[in-house]
Amino acid sequence: QVQLVESGGGLVQAGGSLRLSCAASRRTFSNMGWFRQAPGKEREFVAAINWSGGITNYAESVKGRFTISRDNSKNTVYLQMNSLKPEDTAVYYCAVLVAGNYDHWGQGTQVTVSS
């Protein structure tokens, strides 16, 4: 099955921006999603995008600041994160929607936002 690799995380000041990438080993003809997990917290939904890229959905906490997109010719989904806040600090993961559930989780990429 498809393998996913996240990248682009790092340390950034509050108000700054980062662009995360999720590279897939093959084309994923399905929805893709970004999730995050902070230390001691449950994993939470961040954003999702359908196969064509025409439909997106965002968690209320990131709406207006984050933008999810995908380039199917490159088998890659992106998460542009602007106006970052300390509460955005977490490990970010991407996944593929399979039979109603997200699966094939990558290793994750750390995002740390300092105040």
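For the structure itself, consult the block above.
Residues numbered from 1 in each chain as written. Predicted model: local features only at pLDDT ≥ 70, side-chain atom pairs only at ≥ 80, totals over all residues. Heavy atoms only, no water.

Caption draft 1: Looking closely at the pairing of strand β5 (residues 44–49). Two elements, strand β4 (residues 32–37) and β5, share five bridges in a ladder whose sense is antiparallel. Note on β5: the bridge partner recorded for W34 is A47. Hairpin connection of β4 to β5: six residues between the antiparallel strands, including G40 at a positive phi of 75 degrees. Relative to strand β6 (residues 56–58), β5 runs antiparallel, the two sharing three bridges. (Pairing = 2+ DSSP bridges. Helix = DSSP H or I, 4+ residues; strand = E, 2+ residues; numbered from the N terminus.)

Caption draft 2: Layout of the packing of aromatic side chains. The tally for this structure, following the rule as stated, stands at four aromatic pairs. Measuring from ring centre to ring centre gives 5.7 Å for F35 and F45, while their planes differ by 75 degrees; the resulting arrangement is edge-to-face. One end of the pair, F35, is in strand β4; the other, F45, is in strand β5, and ten residues separate them in sequence. By relative accessible area, which is 10% here, F35 ends up buried. You can call F45 partly exposed: its relative accessible area is 27%. Seen from their ring centres, F35 and W105 are 4.9 Å apart, and the 75 degrees between their planes marks the pair as edge-to-face. Remark: W105 occurs in the loop between β10 (101–103) and β11 (109–114) and F35 occurs in strand β4; sequence separation between them is 70 residues. Here the aromatic residues F35, F45, Y102 and W105 are joined through ring pairs into a cluster of three or more. (Phe/Tyr/Trp six-rings, centres within 6.5 Å; stacked < 30°, edge-to-face > 60°. Buried < 20%, exposed > 50% of the residue type's maximum accessible area, 1.4 Å probe, protein only.)

Caption draft 3: How the structure looks around the pattern of salt bridges. Considering all chains together, one arrives at four salt bridges under this definition. In this structure, D88 engages R36 in a salt bridge whose closest nitrogen and oxygen atoms are separated by 3.0 Å. Here the residue D88 occupies a position in the loop between β8 (76–81) and β9 (90–98), and R36 occupies one in strand β4, the gap between them amounting to 52 residues. For the pair formed by D88 and R36, the shared burial category is buried. D88 is the salt-bridge partner of R65, the closest N and O atoms lying 2.8 Å from each other. With R65 in the loop between β6 and β7 (66–71) and D88 in the loop between β8 and β9, this residue pair connects regions lying 23 residues apart in the sequence. Overall, the relative accessible area of 0% leaves D88 in the buried class. Residues joined in a network through salt bridges with shared partners are R36, E44, R65 and D88. (Salt bridge = Lys/Arg side-chain N within 4 Å of Asp/Glu carboxyl O.)

Caption draft 4: Expanded view of the environment of M32. Within the secondary structure, M32 sits in strand β4. The spacing of M32 and S115 is 83 residues in sequence and 30 Å in space, taken between C-alpha atoms. Beyond its immediate sequence surroundings of up to four residues, M32 is in contact with L4, C22, A47, A48, I49, I68, R70, V77, A95, V96 and Y102. (Contact = heavy atoms within 4.5 Å.)

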